[in-house]
Amino acid sequence: MLTPGGMFTPRIFLLSPAFAGGKRGGLVLRDAASFPLAKRLRTPEGAPLGDVFSFLSGLYFRGKMAYVRRFAAPPDGLPGALVITPTRGLVPPESTITLEILREFAEGAVELDNPGYRNPLEKHAKALAEHTGDAEIVLLGSIASGKYVDVLAGIYGERLVFPSAFVGRGDMSRGGLMLRAAESGEELEYLSVQGAKRHGTRPPKLEPRRWKT
């Protein structure tokens, strides 16, 4: 992203996780599951995390993936995006997971008082901070609760930013917003989490669109 002064600011996206313990998770975890993604999860090689979470959460995570593919601009040698996971900290979306790891995610609670979630996230976030310089860390996830912000803000400070248009929107609306931005090439505006208004009134609904699966 270019700053108002015309300077380029590198950025890395952190994507909040999809919920593996819901209805879609049950579909892929059931023994009789035989669709292509379920079959890949049952191989030793597994399936890409980004594909699995896109299946679990639908439009929301698909929007995140389309958005980071369009706008990620990391410092040299660093990933453009990392996914917050329930049990394994920060994981690149192209990394593969197996059915056993997905079951582990389904059983892991994304809660601040759960050390199985918080400790790996803090460890990886701190390690990333040592190599990112002045890069922005863009959280593509809820800032209304503290389950991500309360861990990450203490590590990245004012460098932790979020799309200002997320305030007041639900998951599906955020997904649609990111898909539109990726399609148009117009990146969303970001605000630092520090001192930002994290709750707001719900904005007008987006005009309905049909997106290719």
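Report on the accompanying structure. (Residues numbered from 1 in each chain as written. Predicted model: local features only at pLDDT ≥ 70, side-chain atom pairs only at ≥ 80, totals over all residues. Heavy atoms only, no water.)

As for the overall build of the protein
Rules: What counts as a helix is a DSSP run of H or I of at least four residues, what counts as a strand is a run of E of at least two, and both are numbered from the N terminus. Exposure classes here rest on a 1.4 Å probe applied to the protein chains alone. A residue is buried below 20% of its type maximum, exposed above 50%, and partly exposed in between. Residue contacts follow a heavy-atom distance rule, with two residues in contact if any of their heavy atoms lie within 4.5 Å. Areas reported as accessible are Shrake-Rupley estimates using a 1.4 Å probe. Residue values count occlusion only from the protein chains shown.
Within the protein one finds 8 helices and 8 strands. Taking all 213 residues of the protein together, the buried fraction comes to 48%. Taking all contacts inside the protein whose residues are at least 6 apart in sequence as the whole, residues at least 24 apart take part in 76%. In the structure as shown, the protein presents an accessible area of about 10900 Å², 52% of it carried by carbon and sulfur atoms.

Topic: the sheet that holds strand E7 (residues 160-163)
Sheet strands associate in pairs through backbone hydrogen bonding, adopting either a parallel or an antiparallel arrangement. Rule in force here: Pairs of strands are assigned from DSSP output, requiring at least two bridges between the strands. Comment: axis = line fitted to C-alpha atoms, over the contacting stretch for helices; angle = value between 0 and 180 degrees taken between N-to-C directions.
If you walk across this open sheet you meet the 6 strands as E4-E3-E1-E6-E7-E8, and the pairing is mixed. In the strand order of this sheet, the two ends are held by strand E4 (90-91) and strand E8 (190-192), each with one partner. The pairing of strand E1 (residues 11-15) with strand E6 (residues 136-140) spans 5 bridges and is parallel. Its bridge partner being in E6, leucine 14 is matched across the sheet by leucine 139. Each of E1, strand E3 (81-84), E6 and E7 touches helix H7 (residues 146-156); the most contacted strand, E6, lies at about 175° to it.

What about the pattern of salt bridges?
Put simply, the rule is: Each salt bridge in this description consists of a side-chain nitrogen of Lys or Arg and a carboxyl oxygen of Asp or Glu lying within 4 Å of one another.
Scanning all chains against the criterion turns up 4 salt bridges. Salt-bridge contacts for arginine 11 lead to glutamate 187; the nearest nitrogen and oxygen are separated by 3.4 Å. With arginine 11 in strand E1 and glutamate 187 in the loop between helix H8 (171-184) and E8, this residue pair connects regions lying 176 residues apart in the sequence. Take arginine 11: its relative accessible area is 2%, and that puts it in the buried class. Judged by its relative accessible area of 23%, glutamate 187 falls in the partly exposed class. Across the pair arginine 88 and glutamate 104 runs a salt bridge, and its minimum N-O distance is 2.9 Å. Of this pair, arginine 88 sits in the loop between E3 and E4 while glutamate 104 sits in helix H5 (residues 99-107), and the two are 16 residues apart along the sequence. Judged by relative accessible area, which is 37%, arginine 88 ranks as partly exposed.

Let's talk about the nonpolar core
Where we set the bar: Side-chain atoms within 4.5 Å link the members of a nonpolar core, which is a set of buried Ala, Val, Leu, Ile, Met, Phe, Trp, Tyr and Cys residues.
Of all hydrophobic cores here, the largest spans 38 residues; its most connected members are Phe13, Leu15, Val52, Phe53, Tyr67, Leu102 and Leu140. The element that contributes the greatest number of residues to this core is helix H4 (residues 59-71), accounting for 6 residues. Beyond its immediate sequence surroundings of up to four residues, phenylalanine 13 is in contact with Tyr67, Val68, Phe71, Ala72, Gly80, Ala81, Leu82, Val138, Leu140, Glu187 and Tyr190.

Some thoughts on the pairing of E3
Residues Ala81 and Val83 of E3 are buried on one face, and the alternating residues Leu82 and Ile84, pointing to the opposite face, are buried as well. As defined by bridge partners, E3 adjoins E4 across 2 bridges and the pair is classed as antiparallel. Residue isoleucine 84 lies in a different strand from E4, and its bridge partner there is leucine 90. Between the antiparallel neighbours E3 and E4 lie 5 residues, among them glycine 89 with a positive phi of about 70°.

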